[in-house]
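# Observations on the three-dimensional arrangement
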Amino acid sequence: MKTLIQNGYVLDPESKREGKYDVLIEDEKIIKMAEQITDDADKVLDASGCYVMPGFIDLHVHLRDPGLEYKETLETGGKAAARGGVTTICAMPNTKPVVDNGEKVLDVHNRAKTDSPVHVIQIGAITIGQQGQELADIEGMAKAGCHAISEDGKSVMNASLYRQAMKLAKDNEISIFAHCEDITMVEGGVMHADEKAQALGLKGITNAVEDVIVARDILLAKETGVRLHLCHCSTEDSVKLVEAAKKEGLPVTAEVCPHHFAMTTDDITEDDGNFKMNPPLRGKRDVEALKAGLKADIMDVIATDHAPHAAEEKNCSMTKAAFGIVGLETMASLTYTELVETGVITPMQMAEKTSYNPARILGLDEKGAIAEGKIADIVVFDPTVEYVIDKNTFYSKGKNTPFHGRKVKGEIRYTLVDGNVVYEG
Ligand code: DOR
Ligand code: ZN
Ligand code: ZN
């Protein structure tokens, strides 16, 4: 089976090559890239006016499967990913039960093969049941194909136990994906601690709640030598700490979520649970620092923290609502509209942060690039289409987004996984 993608503008973040090229795919691989390809193909996809990029690799997704299927499943989350141009998702382990051993990892991987149109990589928990008491089966999970372990949803507060986990992760050649939040400092906070929280009469979460754990984790990575990836960085000081860690040559990478660069607390118009996520929307100064960090490549990755919840868990006051918003179907347009169109990052940087850098972090050599011999996980993205985000069109079961009604630019035209079209816009 041969598929030809014609007339697109290719962005290859590995070679830094960009320009008008045709791309020929045979079965699951890219076999040719040239200015004009005249070979016969079974299928021809028109990419005129579109960017042809390596499929997005989202390092941070909550699929809620097993156990919380009323929020999302491998199938609905996978379809939402395909619609968002995401061809590989890393599924966080805070499911029911928590994914804390090799068998549970294999179960998700096996079911994903039939249920999900995109690749799913399960991330393992750091402690049993994410209880912070005893280490999970880190070696078993690494053998089962976990590329990273994470306690996402909380931090491992016992630094000694965490350090042991880091050593095991390093020995097993996997990364730590760190959720940075000192839970003893949250004190019932539900949004960023600023005047807006005061005006709404809501308890605040200060920047230091995140920053002290970012600093701790970097120091522990320095001591153990583990590869550390900092999830959903939201503060100015997180950016400074990551910059300092990189200057020291430590194996540290960092991610920013679209909501943290596309919104500030100024956008919170009322006490609505759809504005609640962890870490919270921050102030202008933080958002400017995150954008500057993305531009300067201090911040390596854009990931969604896609966190679907049922309507009744979100359509209420922030004091009651669950933390988290969906992101898979809005990542590309928010990134393009807020960062690329405004000149903060280049289209090539968008491809680096949404695909190439995540592929390097996961150690997926055949992904994150558009070149001969690479796996044909590809997104064809039309940057010209303008529209208003409508949560009712989401394939995800979760409709919990603060971006409903937001005007954006950029739409997925095709998503290909292993050379097959899994979504057509
Ligand atoms: O907002 C969030 N939601 N942050 C997290 O860390 C966890 C996530 C969830 O699982 O819903
Ligand atoms: Zn988290
Ligand atoms: Zn998360």
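Located above this text is the structure these notes cover.
The structure reproduced in this document is the subject of the present report.

## Let's talk about the site of ligand 1
Neighbouring ligand 1 are 14 residues, the closest being Arg64, Asn94, His179, Asn278 and Phe323. In the environment of ligand 1, a nitrogen atom lies 3.1 Å from a nitrogen or oxygen atom belonging to the backbone of phenylalanine 323. Compared with its free state, where it exposes 290 Å², ligand 1 has 93% of that area covered by protein. Classifying every residue of the shell around ligand 1 gives three nonpolar, eight polar and three charged.

## Details of the coordination of the zinc ion (ligand 2)
By definition of the ideal shapes, four donors in a tetrahedron about a metal sit 109.5 degrees apart, and six donors in an octahedron sit 90 or 180 degrees apart. On the protein side, the zinc ion (ligand 2) has Asp152 (OD), His179 (ND1) and His232 (NE2) as donor atoms, found 1.9 to 2.1 Å from it. For the zinc ion (ligand 2), the donor residues sit on a single chain with the sequence spacing D-x26-H-x52-H. The metal-metal distance between the zinc ion (ligand 2) and the zinc ion (ligand 3) is 3.5 Å, with aspartate 152 serving as a donor to both. A residue pair is termed long-range when its members are at least 10 positions apart, and aspartate 152 in the loop between β9 (148-150) and α4 (159-171) and histidine 179 in the loop between β10 (175-178) and β11 (191-192) qualify at 27 residues. Neither residue differs from the other here; aspartate 152 and histidine 179 are each classed as buried.

## Considering the sheet that holds strand β15 (residues 301-302)
Taken together, five strands build an open sheet; the order of strands is β9-β10-β13-β14-β15 and the sheet is parallel. Here the strands that pair on one side only, and so sit at the sheet edges, are β9 and β15. Where strand β14 (residues 252-256) lies against β15, two bridges are found, and the strand directions are parallel. Residue pairing for β15: glutamate 255 is matched across the bridge by valine 301. The sheet strands contacting helix α6 (residues 207-224) are β10, β13 (228-230) and β14, and the helix crosses β13 at an angle near 165°.

## Notes on helix α12 (residues 347-362)
The first and last C-alpha atoms of α12 sit 22 Å apart over 16 residues, in line with the 22 Å expected at 1.5 Å per residue. The axis of α12 is deflected most strongly, by about 45°, at lysine 353. Most of α12 sits out of view: 14 of its 16 residues are buried. Looking one or two residues past α12, glycine 363 carries a phi angle of roughly 75°, positive in sign.

Criteria and cut-off values
- Residues numbered from 1 in each chain as written.
- Chains lettered and ligands numbered in written order.
- Predicted model: local features only at pLDDT ≥ 70, side-chain atom pairs only at ≥ 80, totals over all residues.
- Heavy atoms only, no water.
- Near = heavy atom within 4 Å.
- Polar contact = N/O pair within 3.5 Å; in protein donor to acceptor, adjacent residues only side chain to side chain.
- Areas by Shrake-Rupley, 256 points an atom, 1.4 Å probe, with all protein chains shown as cover.
- Nonpolar A, V, L, I, M, F, W, Y, C, P; charged D, E, K, R; others polar.
- Donors = N, O, S within 2.8 Å, 3.2 Å for Na, K, Ca; no water.
- Helix = DSSP H or I, 4+ residues; strand = E, 2+ residues; numbered from the N terminus.
- Buried < 20%, exposed > 50% of the residue type's maximum accessible area, 1.4 Å probe, protein only.
- Pairing = 2+ DSSP bridges.
- Contact = heavy atoms within 4.5 Å.
- Axes fitted to C-alpha atoms, helices over the stretch in contact; angles between N-to-C directions.
- Expected span 1.5 Å × (residues − 1).
- Bend = angle between axes of the 7 residues up to and from the residue.

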